[in-house]
Amino acid sequence: MTEPLPAELPFLPYGRQSVEEEDIAAVAAVLRGDWLTQGPAVAGFERALAARVGAAEAVACANGTAALRLAYAALGIGPGDAVVVPSNTFLATASAARHAGAEVAFADVEPDSGLMGVAEAEAAIARARKAGWRVRALAPVHYAGQTAPMDELAALAQAEGLALVEDACHAIGTVDLSGGREVPVGAGRPEVAAGSLTVFSFHPVKTIAAGEGGAVTGSDPALMARVRRLCNHGMMREPHAGEGFADPEAALDAEGNANPWYYEMVEPGFNHRLSDIHAALVLSQLGRLDRFVDRRARLMALYAGRLAPLAPLVRPPAQVPWCRPAWHLCAARIDFDAAGRTRSAVMAALRALGVGTQVHYIPVHRQPYWRRRYGDPVLPGAMAHYDRTLSLPLFPAMADGDVDRVAAALERALS
Ligand SMILES: *Cc1c(COP(=O)(O)O)cnc(C)c1O
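These numbers were taken from a predicted model, which means no experiment stands behind them.

Quick notes on the overall build of the protein chain
Argument step 1. In terms of regular secondary structure, the protein chain is built from 15 helices and 15 strands.
Argument step 2. Against the globule reference of 22 Å for 415 residues, the protein chain gives a C-alpha radius of gyration of 23 Å, in line with a compact fold.
Argument step 3. Counting across all 415 residues of the protein chain, residues that qualify as buried make up 53%.
Argument step 4. Partitioning the intrachain contacts of the protein chain with sequence separation of at least 6 by distance along the chain shows that 76% fall at a separation of at least 24.
Argument step 5. Looking at the protein chain as shown, the accessible area adds up to about 17600 Å², and 55% of this sits on carbon and sulfur atoms.
Argument step 6. Computing the positive centroid from 38 side-chain charges and the negative centroid from 45, the protein chain places the two 6 Å apart.

And the structure:
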């Protein structure tokens, strides 16, 4: 009677998609149908997503990076402008602004939660203005599934005349409570006059998967129309008075109706469309979002209990009071110095015990491209967060006992 060594159990990655037979059936139905792209699955997903997050509209697109690119472009952000981006994020939040021609004003984060607060955003705005940039937008990142303090950030955006682009790639299903009301992430902040858009990713490590997929949600009809147009070559099917179409005779038939072949381009756009194959998968997954969120919450509660004896060397992610998170990452806080172990040694020891981990994130302002461009802005919160973060396995198919396994492996790896 010997218990299996942890290494003989299946490897636990830090995140993994949950695909079930109903997802496979939904994708197969698209493959048997008439539309592989620009068909009813995309439209159905857009309607379901908008309803789920409480936005007037959703535009599905190829991935989260494309969603960011579309959001910045639809807001008219370009050269000479700057976007405030917390340094604790994935590369894309910043790169997409640069692709629009804008500068990135990196903001610090609170070291325990990894979130950008108002003080950090204000400091970044001040630095950007000193550099002579026109600050146009705040791009808070809802790191690990918790919202940045949105009520205060929306008030700051409104006071400074800035737009809001919420990077909610980690946070579908999270509910923001910061204004004393329940606002699902994705509903945005219609009170922000310069524009409010939210972006999502449906990469397989995120909470619901499309394979590759993303979306922009919002409630301003003109802004969302521009997102939709930019996603599809800047093209419109209907002649638009006021948009300045060049050739009315090509556009209209004798009765003044649009010719059936007509399309017009009002600005250069992208092909950032989502296919119906991917839309069918993510629509099917959206139907299980509540189950995924509940399961992740349950696993996080188990982690809190199992990691408690490892304090103060190990602490579970710091929970902020102003949201009900749909946890994307279990970003534990580990004092590697006090443990006398390097993070890479701990990761290797965990891996040998069958436990996958990841670091979210190397602060983006430290990347070679950005250092060449801006030097080394001092962002101590982002560096302190980075020094101690380690994302432990968290995905809906994990068993309760897997949390025990991870905690036991972590205890061994640190001792
Ligand atoms: C995943 C992610 C993105 C990019 O999404 P993709 O779908 O991979 O392009 C952007 N921002 C954050 C915070 C992310 O986690």
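Quick word on the site of the ligand
Argument step 1. As a matter of local geometry, the ligand sits amid 16 residues, with Gly64, Thr65, Asp167, Ser201 and Lys206 nearest to it.
Argument step 2. Within the side chain of tyrosine 361, an N or O atom sits 3.3 Å from an oxygen atom of the ligand.
Argument step 3. Protein burial of the ligand: of its 380 Å² of free accessible surface, 92% is covered by the chains.
Argument step 4. If you list the elements that add at least two residues to the shell around the ligand, you get α3 (64–74) and α4 (91–99).
Argument step 5. With three residues, α3 is the single largest residue contributor to the shell around the ligand.
Argument step 6. Broken down by class, the residue content of the shell around the ligand amounts to six nonpolar, eight polar and two charged.

A look at unusual backbone geometry
Most peptide bonds are trans, and most residues other than glycine sit at a negative phi.
Argument step 1. Of the consecutive residues alanine 311 and proline 312, the connecting peptide bond is found in the cis state with omega at 0 degrees.
Argument step 2. Here proline 312 is to be found in the loop between α10 (289–307) and β12 (314–315).
Argument step 3. Residues other than glycine seldom take positive phi values, yet alanine 144 does so here, at roughly 65 degrees.
Argument step 4. Along the chain, the position of alanine 144 falls in the loop between β4 (134–138) and α6 (150–160).
Argument step 5. At histidine 233, a position not held by glycine, the phi torsion is positive, near 65 degrees.
Argument step 6. Residue histidine 233 is classed as partly exposed on the basis of its relative accessible area, which comes to 36%.

Considering the sheet that holds strand β6 (residues 175–176)
Across a sheet, paired strands are connected by hydrogen bonds in the backbone, their directions being either parallel or antiparallel.
Argument step 1. The three strands are arranged β7-β6-β13 in an open sheet whose pairing can be described as antiparallel. Strands at the two margins of the open sheet, each flanked by one partner only, are β7 (183–184) and β13 (323–324).
Argument step 2. Bridge count between β6 and β7: two bridges; the pairing is antiparallel. By the bridge assignment for β7, valine 175 is matched with proline 184.

Regarding the nonpolar core
Argument step 1. Counting residues in hydrophobic clusters, the biggest one holds 40 residues, and the most contacted among them are Tyr72, Val83, Leu197, Val199 and Val227.
Argument step 2. Secondary-structure elements contributing two or more residues to this core are β1 (57–61), α3, β2 (81–86), α4, β3 (103–107), β5 (163–167), β8 (196–201) and α7 (221–231).
Argument step 3. Sort the elements by how many residues they give to this core and α3 lands first, with eight residues.
Argument step 4. A domain split of this core shows at least three residues from each of domain 1 (21–234 + 267–286) and domain 3 (289–414).
Argument step 5. Apart from the residues lying within four places of it in its own chain, the contact partners of tyrosine 72 are Ile77, Val83, Val85, Thr93, Ala96, Ala97, Ala100, Ala139 and Val165.
Argument step 6. Leu310, Val314, Leu353 and Phe395 belong to the second largest nonpolar core, which has 30 residues in total.

Concerning the packing of aromatic side chains
Argument step 1. This structure, assessed with the given rule, holds nine aromatic pairs.
Argument step 2. Plain terms: the ring middles of tyrosine 143 and tyrosine 361 are 6.2 Å apart, the flat faces sit at 65 degrees to each other, and that makes the pair edge-to-face. Of the two residues, tyrosine 143 is situated in the loop between β4 and α6 and tyrosine 361 in the loop between α12 (343–352) and α13 (368–374); the sequence distance between them amounts to 218 residues. Take tyrosine 143 and tyrosine 361: they sit in the same class, and that class is buried.
Argument step 3. Their ring planes at 20 degrees and their centres at 5.6 Å tell us that tryptophan 370 and tyrosine 374 sit as a pair that is stacked.

Points about the side chain of serine 284
Argument step 1. Mapped onto the elements, serine 284 comes out in helix α9 (residues 276–286).
Argument step 2. Its relative accessible area of 13% is what places serine 284 among the buried residues.
Argument step 3. Reaching out from serine 284, the side chain makes a polar contact with the side chain of aspartate 23 at a distance of 2.6 Å.
Argument step 4. If we skip the residues at most four places from it in the chain, serine 284 touches Glu22, Asp23 and Ala26.

Some remarks on the pattern of salt bridges
Argument step 1. Tallied over the full model, the rule gives 27 salt bridges.
Argument step 2. Put simply, glutamate 20 and arginine 291 hold a salt bridge, and the shortest N to O gap is 3.3 Å. Taken together, the positions of glutamate 20 in the segment before α1 (21–32) and arginine 291 in helix α10 put the pair 271 residues apart, joining distant regions of the chain.
Argument step 3. Classification of glutamate 20 by relative accessible area gives partly exposed; the value is 31%.
Argument step 4. Within this structure, Glu20, Glu22, Asp23, Arg288 and Arg291 form a network of salt bridges that share partners.

Remarks on the packing of α1 against α9
Argument step 1. Where α1 contacts α9, the axes come no closer than 8 Å and their chain directions differ by 150 degrees. With respect to their mutual orientation, α1 and α9 come out roughly antiparallel. With respect to the hand of their crossing, α1 and α9 are arranged in right-handed fashion. Contacts between α1 and α9 involve Glu22, Asp23, Ala26, Val27, Val30 and Leu31 from the first element and Asp276, Ile277, Ala280, Leu281, Ser284 and Gln285 from the second.
Argument step 2. Classifying every residue of the contact of α1 with α9 gives seven nonpolar, two polar and three charged.

What to know about the packing of α3 against α4
Argument step 1. Running from N to C, α3 and α4 cross one another at 45 degrees; their axes reach a closest spacing of 9 Å. For the element pair α3 / α4, the angle class is oblique. In this structure, α3 crosses over α4, and the sense of that crossing is right-handed. Two secondary-structure elements touch here, α3 through Thr65, Leu68, Arg69 and Tyr72 and α4 through Ala92, Thr93, Ala96, Ala97 and His99.
Argument step 2. Of the residues that constitute the contact of α3 with α4, the class distribution is five nonpolar, three polar and one charged.

Rules behind the numbers
- Residues numbered from 1 in each chain as written.
- Predicted model: local features only at pLDDT ≥ 70, side-chain atom pairs only at ≥ 80, totals over all residues.
- Heavy atoms only, no water.
- Helix = DSSP H or I, 4+ residues; strand = E, 2+ residues; numbered from the N terminus.
- Rg over C-alpha atoms; globule rule 2.2 N^0.38 Å.
- Buried < 20%, exposed > 50% of the residue type's maximum accessible area, 1.4 Å probe, protein only.
- Contact = heavy atoms within 4.5 Å.
- Areas by Shrake-Rupley, 256 points an atom, 1.4 Å probe, with all protein chains shown as cover.
- Lys, Arg positive; Asp, Glu negative; His and termini not counted.
- Charge placed at Lys NZ, Arg CZ, Asp CG, Glu CD.
- Near = heavy atom within 4 Å.
- Polar contact = N/O pair within 3.5 Å; in protein donor to acceptor, adjacent residues only side chain to side chain.
- Nonpolar A, V, L, I, M, F, W, Y, C, P; charged D, E, K, R; others polar.
- Pairing = 2+ DSSP bridges.
- Core = buried A, V, L, I, M, F, W, Y, C linked by side-chain atoms within 4.5 Å.
- Domains from an automatic or database assignment.
- Phe/Tyr/Trp six-rings, centres within 6.5 Å; stacked < 30°, edge-to-face > 60°.
- Salt bridge = Lys/Arg side-chain N within 4 Å of Asp/Glu carboxyl O.
- Axes fitted to C-alpha atoms, helices over the stretch in contact; angles between N-to-C directions.
- Parallel < 35°, antiparallel > 145°, perpendicular 65-115°, else oblique.
- Left-handed = near helix turned anticlockwise from the far one by under 90°.

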